[in-house]
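Overview (structure and organization)
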Amino acid sequence: MNTEGEKLIPINIVDEMKSSYIDYSMSVIVSRALPDVRDGLKPVHRRVLYGMYGLGVFSNRKYLKSARIVGDVLGKYHPHGDRSVYDAMVRMAQSWSLRYPQVDGQGNYGSMDGDPPAAMRYTEARLKKISDEILSDLDKETVDFQNNFDDSLQEPKVLPTRIPTLLVNGTSGIAVGMATNMAPHNLTEAINAICAYIDNKEITIDELMQHIIAPDFPTGGIIYGYDGVRDAFHTGRGRIVLRAKVNFEQIGNRDAIIVTEVPYQVNKAEMIARTAELVKEDKIPGIYEIRDESDRKGLRIVYELKMDAIPNVVLNLLYKYTALQTSFSVNNIALVAGRPQQLNLKEIIHYFVEHRHEVIIRRTEYELKKAKERAHILEGFMKVIGTQDALDKAISIIRHSANPQEAKTGLMEEFELSDIQAQAILDLRLARLTGMELDKIREEYEEIMSLIKRLEDILATPELQYEIIKNELVEVRDKYGDERRTEIDYAGGEMNIEDFIPNEQVVLTISHAGYIKRTPVNEYKVQSRGGVGNRGATTRDADFLEYIVAATNHQYMLFFTEKGKCYWLRVFEIPEGSKTSKGRAIQNLINIEPDDKIKAYLRTDDLKNAEYVEKMSVVMITKNGTIKKTSLEAYSRPRVNGINAIEIREDDQLLGARLTDGTSEIMIATKNGKCIRFPEEKVRSVGRTSIGVKGITMEDNDEVIGMIAVNDKENESVLVVSEKGYGKRTAVEDYRITNRGGKGVITLNITDKTGQLIAINNVTNEHDLMIINKSGVAIRMSVEEMRVMGRNTQGVRLINLKGNDEIAAIAKIEVDKSVEEDEELEEGVENTDIVNASDSVITEENTPQSDADNIEE
């Protein structure tokens, strides 16, 4: 019920809410969250700078309490919470938040760990030197002013900045229905780009990008990949991937990842705490300890690694799961003539230059107006005191006037002066009436007239105006410009783990019980033939090293099992261990069935290369002499739980596998010293699950021990080794070509002294031979030391075996002899093994028996 005299107007609540919310959202957009494209500042930042300007706390003055500054800004210009003003001022002083801080803070202004600043009553502040350039010429009517919130004072709508603040410091803000997130850039690069735009208004964005290369963040780091930068510059939107700057160090006997720069806006303490949680959850294995060793000298985070961890693999996991890699989503939205607009690089530069152009014109007009006013007064001076007679007459008029107004009127009538000129004469001190002062007035007048001419020329000549803009920008660049902090990794893109792992040569060893490890090849020393060797690995009781192969980190290992299944691993995924360590159980790395055993493997190049996998074939041999050939493409997409590789008959098992290119010759050897040679084409290619065909016919007590694929008959020779340490090289041509399925010929004269044949390999003089026996002793020798001899001989002793010891495995390694010799001379140590990372084609037979017990970590 309405009282008398009141009038109720019914309003639809939906319409009222819509209207009010639009008003509110526009207020947030224009007056709070978005920066002006001209000075790059939001209202709160502009008011902080103007408030400090009004208080006179410039860079060359003493610090003032922050509470005093905040109170002044609140009381005069910004009627919001004191926290909002203080937080804005604090951020303007933080060197890790702004690329070029605008406030010089004294006291606790927070930290990169997210620590809050001290209360405003404890801290002090003043303007940074660079802020003088932002506020420069503010008193010369260069910008428009508006009333403050209660119309009691005036505040600038925009600042006449010489600094391209929007570019060099960026901004972020969430409005209603829109947000902005602009990246900071290097001042030198930004000004170079602006100057290039002034020289050529038709310049393309790509040409501008030759000057302003990419964002430059205050915390440094690395921009990983350039596509996001290009998108941001061209469209105003783009996703820039940022990475920490890291290096590797050795701390004691452990590897360590050292972080010296983190991505922009990352909370260091939170990042370390989250990483520790991930380590506990075993999502990032391999980290032993994390320490923050940052101090006043700089940032330093140490990730100390476990003994068997691969630094690059751990680093890649840190990039994947933690804030060591983040993304900065650029969204260049700023106010253009009061309206929000998405801007590309050229548009940001265009509006800044337009603003500077307007400032230069308005400043010139102001200076011209002041110069003309001064010239007008000087003209009055010269009329009145230019001669002694005139001066005497003026003094007489003043002396005989009853009051100042009468004196002014008398001067105006006598000398035809304006009101301003007459008043200036009356205000003159007597000292200015001397002859010397008169000369100074004449000189000043000539200078003023010259200045007026120059200012008028500037206003009449746009070229001069833009030249002034450029000159002032160059002056700013030379004064405040610095080196880029953020590096750019142009090759970066989608994360590829191989990018972080050196393609170094390594030795893979597998024990009889199924323990595997990856060891740097230079841990093995070159020895002369017949040496006693050195300790290769500490193995478990009743275990011995059965398997050794050379590979490079970026290659792939295919494991074939007794049941005919195939599993897949990349070499760098195999844990690293020293020459004397046990390694890790294979079951810990691939999902082998409990009742299955690994029986063969292949080391291949990139399985994602379609041309490579279609060209190459896998040739497999079983213990009973069955051979099968299948395209490598069929094995290029293994699943976690393996795929079927070959169908195995009862009482047979897979023994070996070789990569071929269609032109090889196949040689199969048996333990009784027989060997057969036939062209690869005699074996037709079949499907992945087929059984295969007969490769060699054997006696009842014989079985296949290995197979090789010969590609270079002239340079390659056949190396066979027996279990008691005898071996020999024989020319390939000594073995006659027969049909597949024959009985073969003698390859080694088997006796009790030699023991049965255990390995066959194709070698050249460039190879080294690696031998490991069942007691774990390893020896390395040059194949060149072994002479080529006849087929039907027992060979020569390769290694001195103690007691009942026997050879477990052999492999060949390619050696860069010149590098090895240089290293030996340089280090002065004999038998130092230095091997290059060239691609070696190594495959091996006699795979280990799997054993999931007591998995070695």
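Residues numbered from 1 in each chain as written. Predicted model: local features only at pLDDT ≥ 70, side-chain atom pairs only at ≥ 80, totals over all residues. Heavy atoms only, no water.

Ser25, Val28, Ile29 and Ala33 are the residues of helix α1 (residues 13-33) that are buried. The elements touched by buried residues of α1 are β6 (171-174), β7 (179-182), β15 (333-336) and β16 (339-342). For α1, the N-terminal cap is Asn12; the gap from its side-chain oxygen to the backbone nitrogen of Val14 is 2.8 Å. (Buried < 20%, exposed > 50% of the residue type's maximum accessible area, 1.4 Å probe, protein only. Helix = DSSP H or I, 4+ residues; strand = E, 2+ residues; numbered from the N terminus. Contact = heavy atoms within 4.5 Å. Polar contact = N/O pair within 3.5 Å; in protein donor to acceptor, adjacent residues only side chain to side chain.)

Another point: the side chain of Asn762. When you line up the elements, Asn762 lands in strand β37 (residues 757-763). A polar side-chain atom of Asn762 sits 2.5 Å from a polar atom in the side chain of Glu716.

Time to look at the packing of aromatic side chains. Here the distance between the centres and the angle between the planes together describe a pair of aromatic rings. On inspection of all chains with the given rule, the structure shows 10 aromatic pairs. On the basis of an interplanar angle of 20° and a centroid distance of 5.9 Å, the ring pair of Tyr50 and Tyr53 is categorised as stacked. Of this pair, Tyr50 and Tyr53 are both found in helix α2 (residues 43-55), three residues apart, which corresponds to roughly one turn of the helix. Through a chain of ring-to-ring contacts, the aromatic side chains of Tyr50, Tyr53, Phe58, Tyr77 and Phe145 assemble into a single cluster. (Phe/Tyr/Trp six-rings, centres within 6.5 Å; stacked < 30°, edge-to-face > 60°.)

Our next topic: the packing of α2 against helix α3 (residues 66-76). Two measures define how a pair of helices packs: the angle their axes make with one another and the distance between the axes. Where α2 meets α3, the axes come as close as 9 Å, and the angle between the chain directions of the two elements is 110°. Comparing their axes, α3 and α2 come out roughly perpendicular. Contacts between α2 and α3 pair Arg47, Val48, Gly51, Met52 and Leu55 from the former with Arg68, Ile69, Asp72 and Val73 from the latter. Tallied by class, residues from the contact of α2 with α3 come to five nonpolar, one polar and three charged. (Axes fitted to C-alpha atoms, helices over the stretch in contact; angles between N-to-C directions. Parallel < 35°, antiparallel > 145°, perpendicular 65-115°, else oblique. Nonpolar A, V, L, I, M, F, W, Y, C, P; charged D, E, K, R; others polar.)

This part covers the packing of helix α12 (residues 345-385) against helix α15 (residues 419-427). It is at 9 Å that the axes of α12 and α15 come closest, and there the two elements cross at 65°. The chirality of how α12 crosses α15 is right-handed. In this structure, α12 uses His376, Ile377, Glu379, Gly380, Phe381 and Val384 to contact α15, whose residues at the interface are Ile420, Gln421, Ala424 and Ile425. The residue makeup of the contact of α12 with α15, split by class, is six nonpolar, three polar and one charged. (Left-handed = near helix turned anticlockwise from the far one by under 90°.)

Right, let's get into the pairing of strand β22 (residues 556-561). Counting buried positions over the six residues of β22 gives six, a clear majority of the element. A two-sided burial pattern is seen for β22, the buried positions comprising Tyr556, Leu558 and Phe560 on one face and Met557, Phe559 and Thr561 on the other. With six bridges connecting them, β22 and strand β25 (residues 598-604) associate as antiparallel partners. Paired with Tyr556 across the two strands is Thr604, which belongs to β25. The pairing of β22 with strand β23 (residues 565-570) spans five bridges and is classified as antiparallel. When the sheet's bridge partners are listed, Phe560 is paired in β23 with Cys566. (Pairing = 2+ DSSP bridges.)

Here we come to the sheet that holds β25. An order of β25-β22-β23-β28 is seen for the four strands of this open sheet, with the pairing classed as antiparallel. The sheet is open, and its two edges are formed by β25 and β28 (643-644), each paired on a single side. When β23 meets β28, the two strands line up antiparallel, connected through two bridges. Counterpart to Lys565 in the pairing with β28 is Asn644.

Of all hydrophobic cores here, the largest spans 108 residues; its most connected members are Ile349 and Phe381. Here this core gets 15 residues from one element, more than from any other, and that element is α12. Here this core spans two domains, and each of domain 1 (42-157) and domain 3 (363-480) adds at least three residues to it. Not counting residues up to four positions away in its chain, the partners in contact with Ile349 are Leu167, Ala193, Ile194, Tyr197 and Leu208. (Core = buried A, V, L, I, M, F, W, Y, C linked by side-chain atoms within 4.5 Å. Domains from an automatic or database assignment.)

Taken over all residues, the pLDDT of the protein has a mean of 84, while the share at 70 or more is 89%. Counting interchain partners and residues more than four positions distant, the pLDDT-below-50 stretch residues 537-542 has 14 contacts. (pLDDT = per-residue confidence, 0-100.)

Using the criterion set out here, one finds 50 salt bridges in the structure. Across the salt bridge formed by Glu141 and Lys369, the nearest N and O atoms sit 3.3 Å from each other. Residue Glu141 is located in the loop between α5 (129-135) and β4 (145-147), and its partner Lys369 is located in helix α12; the two are separated by 228 residues in the primary sequence. When the shortest N-O distance is used, the salt bridge between Lys372 and Glu456 registers 3.6 Å. Within this pair, whereas Lys372 is found in helix α12, its partner Glu456 is found in helix α16 (residues 435-460), the two being separated by 84 residues in sequence. Glu456 sits in the partly exposed class, given a relative accessible area of 36%. Linked by salt bridges that have partners in common, Glu133, Asp137, Lys140, Arg162, Arg356, Arg363, Glu367, Glu472 and Lys479 make up one network. (Salt bridge = Lys/Arg side-chain N within 4 Å of Asp/Glu carboxyl O.)

This brings us to helix α7 (residues 187-199). Between its first and last C-alpha, α7 extends 18 Å over 13 residues, near the 18 Å set by a 1.5 Å rise per residue. The buried fraction of α7 amounts to 10 of the 13 residues, a majority that puts the element mostly inside the structure. Looking only at α7, the buried set comprises Leu187, Glu189, Ala190, Ile191, Ala193, Ile194, Cys195, Ala196, Tyr197 and Ile198. Contacts made by the buried residues of α7 are with α6 (165-169), α8 (205-208), α12 and α17 (462-480). The opening residue of α7, the one whose side-chain oxygen lies 3.0 Å from the backbone nitrogen of Thr188, is Asn186. (Expected span 1.5 Å × (residues − 1).)

In this section: the sheet that holds strand β10 (residues 245-251). Whenever strands of a sheet pair, they do so through backbone hydrogen bonds, lying parallel or antiparallel. Pairing is antiparallel in the open sheet, where four strands are placed in the order β10-β11-β13-β12. Only two strands of the sheet have a single partner each, and these edge strands are β10 and β12 (287-292). Adjacent strand axes in the sheet meet at a mean angle of 20° when their direction is disregarded. Sheet analysis places β12 next to strand β13 (residues 301-305), joined by five bridges and oriented antiparallel. Bridge pairing in β13 places Arg291 opposite Val302.

Peptide bonds are trans in most cases, and residues, glycine excluded, mostly fall at negative phi. Within the chain, Asp282 stands out as a residue other than glycine whose phi angle is a positive 65°. Structurally, the position occupied by Asp282 is in the loop between α10 (268-280) and β12. Here Asp651, not a glycine, exhibits a phi torsion of approximately 65°, which is positive. By the secondary structure assignment, Asp651 is in the loop between β28 and β29 (654-660).

The topology assignment puts Gly692 in the loop between β31 (674-679) and β32 (693-694). Discounting residues that sit within four places of it in the chain, Gly692 has contacts with Thr626, Ile627 and Lys628.

A separate point is the environment of Ile360. Mapped onto the elements, Ile360 comes out in helix α12. Judged by its relative accessible area of 0%, Ile360 falls in the buried class. Put simply, Ile360 and Asp137 are 223 residues apart on the chain and 9.4 Å apart in space, counted from C-alpha to C-alpha. Apart from residues lying up to four places away in sequence, Ile360 is in contact with Gln465, Ile468, Ile469 and Glu472.

Time to look at the environment of Gly54. With respect to the helices, strands and loops of the structure, Gly54 is situated in helix α2. Here the alpha-carbon distance between Gly54 and Val73, two residues 19 residues apart in the chain, equals 9.7 Å.

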